[in-house]
Structures are given as structure tokens and as C-alpha cells.
Amino acid sequence: KEYRRQRQMCIRDRWLEYVSHHACRPFLDLAWERAMVKRFGGRSNPGVEELAEKRLGRELPFLNARLGESPFLAGQNATLADVALYPFVKLSGEAGIDLTTVAPNLHAWRERVRQG
């Protein structure tokens, strides 16, 4: 029992690290460049948008595949990794990303997390 708990904690921590280092920033950057700059009167940086698009081009298929295998990032139950990723994925609309076509499993996950 203790081994299983420790293993699950390691899986959760690995996903939390992935989310914080790889998945969150491109969502935030694209939402900022495509929507927030106009609202808050900042200067756009096309290089940031291009880099974010490239990064999401890698991350979306990875997340979509994972969430096709299990309902949440670390398995059958939501963890802190899911909670950490959710606000950034929620920005997909602001970022101009239609998850229903680009990453349907990620879209379904977003709805599961939203419903709590």
C-alpha cells in the first residue's frame, strides 16, 4: 500500500513539473499576444507569438494523447497537476485555439476539471 502511494506521488510530481515547465507558458503567451494586449494596451511581440505557437505544436499533441489514455494527467483522479494546468488551458479561447478540433481529449479534460 505504501509503495503504491509513493509511486502515485512520483507520477503526480512528474506531471506537475511538466505542467509548470512546459505546458503553461505557451497558453499564457498566446492569450496575451492575441487578446490581452488589445484589452490592456500593451505592445505586441510577434516573436513571442511564433515561439508559443511552436511550443503548443509540441505540447498539445502530447497532452491530448495522455488525456486519451486516462481521465486526468496522473491517472484516474485529479491532482495538483490538473489544477495547475487548468487556468492556462482555460485561456485557449483567448489564445485562438479551438480545442474541440485540435485537442479533443484536452477539451474533454477541461470540461471534467471545470465541473469539479
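The sections below set out a description of the structure shown in this document. (Residues numbered from 1 in each chain as written. Predicted model: local features only at pLDDT ≥ 70, side-chain atom pairs only at ≥ 80, totals over all residues. Heavy atoms only, no water.)

## Topic: the overall build of the protein
- Scanning the protein from terminus to terminus reveals five helices and zero strands.
- When the helices and strands of the protein are placed in sequence order, the string is α-α-α-α-α.
- Oriented by its inertia axes, the alpha-carbon framework of the protein measures out at about 55 × 25 × 25 Å.
- Out of the 116 residues in the protein, the part that is buried amounts to 39%.
- Taking all contacts inside the protein whose residues are at least 6 apart in sequence as the whole, residues at least 24 apart take part in 68%.
- Total accessible area computed for the protein in this model is approximately 7200 Å², and 54% of it derives from carbon and sulfur atoms.
- Each charge class in the protein was averaged separately, 19 positive and 14 negative side chains, and the resulting centres sit 5 Å apart. (Helix = DSSP H or I, 4+ residues; strand = E, 2+ residues; numbered from the N terminus. Buried < 20%, exposed > 50% of the residue type's maximum accessible area, 1.4 Å probe, protein only. Contact = heavy atoms within 4.5 Å. Areas by Shrake-Rupley, 256 points an atom, 1.4 Å probe, with all protein chains shown as cover. Lys, Arg positive; Asp, Glu negative; His and termini not counted. Charge placed at Lys NZ, Arg CZ, Asp CG, Glu CD.)

## Re the packing of aromatic side chains
- One pass over the structure, following the stated rule, counts five aromatic pairs.
- Its guanidinium or amino end placed over the ring of Phe72, Arg112 lies 5.7 Å from that ring's centre, counting from NZ or CZ. (Phe/Tyr/Trp six-rings, centres within 6.5 Å; stacked < 30°, edge-to-face > 60°. Lys NZ or Arg CZ within 6 Å of the ring centre and 35° of its normal.)

None of this, on its own, says anything about what the molecule does.
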